[in-house]
Amino acid sequence: MDIGVGDRQQWRAGLQPGSDSEATLNSIIEHSPSGMALATSQGRCLRVNRALCDLLGYTPEEIYDLHFRALTHTDDVADSENAYRLLNDNQTERHHAEKRYRRKDGSYLWAAVVWSAARSASGTMANIVVQITDITAHKQHEAELEELAEYLRLAIQASQIGIWSYDFESREFIADARVWELWGRDPLIPDNSANAWMARIHPEDRDMVMTRYKAALDGHGSFETEHRVVLPNGRIRHIRVQSVVQRHEDGRPRKLIGTNADETDRIEMARYLQRAKDEAEAANRAKSMFLANMSHELRTPLNAIIGFSDAMKSGIVNVTNESLVRSYSADIHASGQHLLGIINDLLDLSRIESGKFTLNESSFDLRDVINDVVNVIRREATAAGLRLDFDIAENVPAFCGDERAVRQIMFNLLSNAVKFTQPGGCITCGLQAEPRTGLRLWVSDTGIGIAAADIPRLMQPFAQIDNVYKRQFQGAGLGLAIVRSLVEMHGGAVGIASAPGKGTTVNVMLPADRMIAFPAAATGAP
């Protein structure tokens, strides 16, 4: 129904001209800082104030000619109609909403609107009073805050940090999903007691965490720690905690707000880099030791060769003295053999480490290999005053591998045992086979022994326990490194058991899948 000038005149007729009621109403409407309108139940304005005209950019007469739908954003029309319906049906006396109004220039403003029923003395609704407050700036601020919140959410998601807070008064703990994940806890079982969280902290870190926590509550800085968390599967996670204490005016702690970040990858990377640095430095030291070692090992036999041969060449030695010539020749030969052994070890290790050493596999009897090597070593052992014993199992199967490599393994192990065992000592060579565990080959001696801390170094190339400048024993320190490499190429492993003054046992474990078959009868020990 069209409400026009007659309706406005009829409304004004209800007020006595010049009466206090008219003056009061006019004053309320005109001086209100908010837009004010008196509208019919159908949504047409009967009276508007200057504030509303300023908000919308219309004159009062232009507003009187418009229905509220023409002044309302299309998406908000239904909500406005619902407000009028509720008031007309006496379901409410006042209705609040936020809506968009269309200005005369076509732009829109956000407004907080209050529709109030103006009833007659009999209680029937006569008109509706509409109060309109411009909240456009507030809405823009809200949008900006939402945008900032989205940026913050994306930043938190990208940084993989968790956010939490604890209210000291309500004892309420609030955390996002990332916090529960970092601590390995189930958010569906929200036990937020201090004991539940403390139980996750590594036992060695708990005192440190509690000390810093109490210091922060006492006003000594913020609560920041980096500690370990033990996950349900036993894994260790390193977590960095940063938080601030919010306080009451009297200084009492009110709330603790903080973040958790996973520092495990960073710490493990730092450890990896430190290990790499240590290994590089160790390699550099090994190179220096190798140069010093080789200088000593090469000069000694070369000096002997040059010295004895020079004496024979210059005539210092009476070449007609056969025994003396034979002695000098033997010394030259021994020095040459020693020099050749060092060079062969260097070449073998170089081929192994460069990947150019390949196994020439065949099946053979390990007892025959042991017997051959022992026959070579026996003379040296006897000359050193040592006894050779054997502990060879009867039922040993044939072995599939590189026979030359296995010979070198045995030779290096027995040579070391002879070198580091004092006269009167004993060397034992053993062989044992188990279908499930494989072949165990070992060489034990009653020699000088090795400290437990030094055993890992012996497996490294050029490693020797005594200092190169005061060494008692010859050798380039390559024997055990070559043994380990050759054994690992066969899929096996080397272990050393030793103690100073109690001798050494070197165990070589070769895999069971390299055993061919158990023989019907034993062939005996060498």
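That block above? That's the structure.
Quick caveat: nothing in here was measured; it's all calculated off a predicted structure.

Participant: Quick question: what am I supposed to make of the overall build of the protein chain here?
Facilitator: Per the secondary structure count, the protein chain includes 15 helices and 17 strands. Counting all 526 residues of the protein chain, 39% fall into the buried class. In the protein chain, 57% of the contacts between residues at least 6 apart in sequence involve partners at least 24 apart. Total accessible area computed for the protein chain in this model is approximately 29700 Å², and 53% of it derives from carbon and sulfur atoms.

Participant: Would you take a moment to explain helix 15 (residues 479-489) for this structure?
Facilitator: Working note: α-helix, 3.6 residues per turn, so residues spaced by three or four point in the same direction. Counting buried residues along helix 15, eight of its 11 residues qualify, which places the element largely inside the surrounding structure. Among all positions in helix 15, only G479, L480, A481, I482, V483, S485, L486 and V487 are buried.

Participant: What should I look at first to understand the sheet that holds strand 2 (residues 45-48) in this one?
Facilitator: Remark on secondary structure: sheet strands pair via backbone hydrogen bonds, oriented parallel or antiparallel. Judged by pairing direction, the sheet is antiparallel, and its five strands sit side by side in the order 2-1-5-4-3 without closing on themselves. One side of each edge strand has no neighbouring strand; the edge strands of this open sheet are strand 2 and strand 3 (94-102). On average, each strand axis in the sheet is tilted by 30 degrees relative to the strand beside it, whichever way the strands run. Examined bridge by bridge, strand 1 (residues 35-39) and strand 5 (residues 125-134) share five bridges and lie antiparallel to one another. For A37, the partnering residue across the bridge sits in strand 5 and is V130. Here helix 5 (residues 77-88) sits on the sheet and contacts strand 1, strand 3, strand 4 (108-119) and strand 5; the angle it forms with strand 4, its principal contact strand, is near 10 degrees.

Participant: Would you mind going over helix 13 (residues 403-419) with me for this structure?
Facilitator: Here helix 13 is 17 residues long and its end C-alpha atoms lie 24 Å apart, about the 24 Å a rise of 1.5 Å per residue gives. Counting buried positions over the 17 residues of helix 13 gives 12, a clear majority of the element. Restricting attention to buried positions, one finds in helix 13 the residues A405, V406, Q408, I409, M410, N412, L413, L414, S415, N416, A417 and V418. Backbone nitrogen of R404 and a side-chain oxygen of the N-cap are separated by 3.0 Å at the start of helix 13; the cap is D402.

Participant: Would you explain the pairing of strand 10 (residues 253-262) in this entry?
Facilitator: Successive residues of a regular strand alternate their side chains across the two faces of the sheet. As defined by bridge partners, strand 6 (residues 162-167) adjoins strand 10 across six bridges and the pair is classed as antiparallel. Residue pairing in the sheet places I163 in a bridge with T259 of strand 10. As defined by bridge partners, strand 9 (residues 236-247) adjoins strand 10 across nine bridges and the pair is classed as antiparallel. By the bridge assignment for strand 10, Q246 is matched with K255. Connecting strand 9 to the next strand, strand 10, in antiparallel fashion are five residues, including G251 with a positive phi near 95 degrees.

Calculation criteria
- Residues numbered from 1 in each chain as written.
- Predicted model: local features only at pLDDT ≥ 70, side-chain atom pairs only at ≥ 80, totals over all residues.
- Heavy atoms only, no water.
- Helix = DSSP H or I, 4+ residues; strand = E, 2+ residues; numbered from the N terminus.
- Buried < 20%, exposed > 50% of the residue type's maximum accessible area, 1.4 Å probe, protein only.
- Contact = heavy atoms within 4.5 Å.
- Areas by Shrake-Rupley, 256 points an atom, 1.4 Å probe, with all protein chains shown as cover.
- Pairing = 2+ DSSP bridges.
- Axes fitted to C-alpha atoms, helices over the stretch in contact; angles between N-to-C directions.
- Expected span 1.5 Å × (residues − 1).
- Polar contact = N/O pair within 3.5 Å; in protein donor to acceptor, adjacent residues only side chain to side chain.

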